[in-house]
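# Structural overview for review
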Amino acid sequence: MSWIGRILGPNYLQGKDWGFYLRFNEVRPAIWSSPNELKKQYHNASIITSKRIVFNIKGNLYRLIVDVEYRIGIVFIVWVGSHKEYDKVNVKEINYVKTD
């Protein structure tokens, strides 16, 4: 199975230079069929559920919460913010919110 490698996220990410920190160039060619395969590539990633993953970005200055749909090859950006903001978030319950 090959990954499409699509990354989808809320509009507030548009125009921001998150690409450098999120390493999109690494995600696009990645082929993960499970959280364990993702963990092999990103040792510091925290597996919250089978599809919910938390990444430390830029030396743990930021946190990125994603949902990964392994079967169809899509990474949904659920939330991104500072480590301080992350401490106020319930990582298991936060959902993607569409913004205008």
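Structure: see above.
The following refers to the structure shown. (Residues numbered from 1 in each chain as written. Predicted model: local features only at pLDDT ≥ 70, side-chain atom pairs only at ≥ 80, totals over all residues. Heavy atoms only, no water.)

## Quick word on the pairing of strand 3 (residues 52-57)
What counts, and what does not: Three exposure classes are used, based on accessible area relative to the maximum for each residue type with a 1.4 Å probe and protein chains only: buried under 20%, partly exposed in between, and exposed over 50%. Numbering of helices and strands runs from the N terminus; a helix is a DSSP stretch of H or I covering at least four residues, while a strand is a stretch of E covering at least two. Following DSSP output, two strands are said to pair if at least two bridges run between them.
With five of six residues buried, strand 3 lies mostly within the body of the structure. Across two bridges, strand 2 (residues 46-47) lies against strand 3 in antiparallel orientation. Its bridge partner lying in strand 3, isoleucine 47 is registered against isoleucine 53. Taking the residues between adjacent antiparallel strands as the criterion, strand 2 and strand 3 are bridged by four residues.

## A look at the packing of aromatic side chains
Stated formally: Here a pair means two rings of Phe, Tyr or Trp (six-membered ring of Trp) with centres within 6.5 Å. Their orientation is stacked below 30 degrees between planes, edge-to-face above 60, and tilted elsewhere.
Per the counting criterion, the structure on display carries three aromatic pairs. Look at tryptophan 32 and tyrosine 42: their rings are 6.1 Å apart centre to centre, the planes differ by 70°, and that puts the pair in the edge-to-face class. In this pair, tryptophan 32 sits in the loop between helix 2 (24-27) and helix 3 (35-41) while tyrosine 42 sits in the loop between helix 3 and strand 2, placing the two residues ten residues apart along the sequence. A single burial state applies to tryptophan 32 and to tyrosine 42, both of which are buried. Counting every residue linked through ring pairs, the aromatic cluster contains Trp32, Tyr42 and Phe55.

## Here's the deal with the pairing of strand 4 (residues 62-69)
Most of strand 4 is tucked away, with six of its eight residues classed as buried. Two elements, strand 3 and strand 4, share six bridges in a ladder whose sense is antiparallel. Bridge pairing links phenylalanine 55 to leucine 64 in strand 4. Where strand 3 folds back onto strand 4 in an antiparallel hairpin, the turn is made up of four residues, including lysine 58, whose phi is positive at roughly 55°. Relative to strand 5 (residues 74-82), strand 4 is paired through eight bridges, and the arrangement is antiparallel. Counted as the bridge partner of arginine 63 is glycine 81 from strand 5. In this antiparallel pair of consecutive strands, strand 4 and strand 5, the connection spans four residues, and glycine 73 shows a positive phi of 75°.

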